[in-house]
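Here are the chains, one letter per residue:
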Amino acid sequence: DAKTTQPPSMDCAEGRAANLPCNHSTISGNEYVYWYRQIHSQGPQYIIHGLKNNETNEMASLIITEDRKSSTLILPHATLRDTAVYYCIVRKVETSGSRLTFGEGTQLTVNP
Amino acid sequence: EAQVTQNPRYLITVTGKKLTVTCSQNMNHEYMSWYRQDPGLGLRQIYYSMNVEVTDKGDVPEGYKVSRKEKRNFPLILESPSPNQTSLYFCASSRRLAGSTDTQYFGPGTRLTVL
């Protein structure tokens, strides 16, 4: 699975949009981009995923560049409860064992 | 409510005393997995199971056993725990590679300390 690069930390003001970048320059054509988050020591929580089109759900939006080498997770109106470590994961769906390889992620702190 | 449950949530034990951490899911998922999380090392997969009676090693299986006798349960067994198994453990489940939507659902975690 392709390696991802994320900034180690970011801050955001409550009520503002949080834009979390992820670089995955070695992504291949059959690899998806997944985002999970982990609120302090809780189990990771799925947020969103996509292949090449932008995606939106009730939690967030995912913007994938046309060359698919990077993506941005957008939390449109961040709240204090969105403070968490956000993981960008790239993987093939057919990967044996369906293992998720978590990197270090981005610690997002939402400030009042 | 769809969920993955783990028990116990917290456990302090001593070296060599066998223990089992249970994991159960109510979503009829085929795939289940165990991860451990350690500072600076992220989440690493221990074992996984693609279906009943089908299990396989992940990245760090040494010192652990699993079984999958029923679809909903996937216990993690430490036959002879050692201090280097002190960690935060997560169980996860998902449908089995069903296209691109096999998102994994994680349990709340079990914090294990081996003295």
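Residues take numbers from 1 onward in each chain, read along the sequence in its written order. Each chain is given a letter, starting from A, and each ligand a number, starting from 1, according to the order in which they appear as written. This being a predicted model, a pLDDT of at least 70 is required before a residue's local features are given, and a value of 80 or more before pairs of side-chain atoms are given or counted; all residues contribute to the totals for chains, interfaces and linings. Side-chain metrics in this entry use all non-hydrogen atoms of the structure; hydrogen atoms and water are not considered.

Undergrad: Which residues make up the pattern of salt bridges, and what are the values?
TA: Salt bridge, as used here: a side-chain nitrogen of Lys or Arg that lies within 4 Å of a carboxyl oxygen of Asp or Glu. Here the structure, examined in full by the defined rule, presents 6 salt bridges over all chains. In this structure, aspartate 82 of chain A engages arginine 37 of chain A in a salt bridge whose closest nitrogen and oxygen atoms are separated by 2.8 Å. Of this pair, aspartate 82 of chain A sits in the loop between β7 (70-75) and β8 (84-92) while arginine 37 of chain A sits in strand β3 (residues 31-38), and the two are 45 residues apart along the sequence. Here the two residues aspartate 82 of chain A and arginine 37 of chain A agree in accessibility, since each one is buried. Salt-bridge contacts for lysine 65 of chain B lead to glutamate 79 of chain B; the nearest nitrogen and oxygen are separated by 2.9 Å. By definition, any uninterrupted DSSP run of H or I lasting at least four residues is a helix, any uninterrupted run of E lasting at least two residues is a strand, and each is numbered from the N terminus. Each residue's exposure class comes from its accessible area (1.4 Å probe, protein chains only) as a fraction of the maximum for that residue type: buried when under 20%, exposed when over 50%, partly exposed otherwise.

Undergrad: Outline unusual backbone geometry, supporting the account with residue identities and numerical values.
TA: For the peptide bond that leads from asparagine 7 of chain B to proline 8 of chain B, omega is -5°, which places it in the cis range. Mapped onto the elements of the fold, proline 8 of chain B is located in the loop between β1 (4-7) and β2 (10-13). Notably, serine 41 of chain A is not glycine yet its phi reads approximately 65°, a positive angle. Structurally, the position occupied by serine 41 of chain A is in the loop between β3 and β4 (45-50). Judged by its relative accessible area of 27%, serine 41 of chain A is partly exposed. Its identity is not glycine, yet asparagine 28 of chain B carries a phi of approximately 60°, on the positive side. Along the chain, asparagine 28 of chain B falls in the loop between β3 (19-25) and β4 (31-38).

Undergrad: Which residues make up a nonpolar patch on the surface, and what are the values?
TA: Excluding any residue in a salt bridge, patches collect residues exceeding 30% relative accessible area, merging like charges within 9 Å and nonpolar Val, Leu, Ile, Met, Phe, Trp and Tyr side chains within 5 Å. Surface accessibility follows the Shrake-Rupley procedure with a 1.4 Å probe radius. Residue values consider only the protein chains on display as shielding. Among the surface-exposed residues, Ile12, Val14 and Leu115 of chain B lie close enough to one another that they form a single nonpolar patch of about 320 Å² accessible area. Structurally, valine 14 of chain B can be placed in the loop between β2 and β3.

Undergrad: Before we move on, can you summarise the sheet that holds β7 of chain A with the specific residues and values?
TA: All names here are of chain A. When DSSP finds two or more bridges between a pair of strands, those strands are recorded as paired. Taken in spatial order, the 4 strands make up an open sheet running β2-β7-β6-β5, and their pairing is antiparallel. At either end of the open sheet lies a strand with only one pairing partner, and these are β2 (18-23) and β5 (55-56). As paired strands, β2 and β7 are joined by 6 bridges and run antiparallel to one another. Bridge pairing in β7 places cysteine 22 opposite serine 71.

Undergrad: How would you summarise the environment of alanine 60 of chain A if you had to cite specific residues and measurements?
TA: All names here are of chain A. Relative to the assigned elements, alanine 60 resides in the loop between β5 and β6 (61-64). Under the relative-accessibility criterion, alanine 60 is labelled buried at 2%. In sequence terms alanine 60 and isoleucine 47 are 13 residues apart; their C-alpha atoms lie 7.0 Å from each other. Residues in contact with alanine 60, not counting those within four places in the same chain, are Ile47, Ile48, Glu55, Leu73, Ile74, Leu75 and Pro76. Between two residues, a contact is recorded if the distance between any of their heavy atoms is within 4.5 Å.

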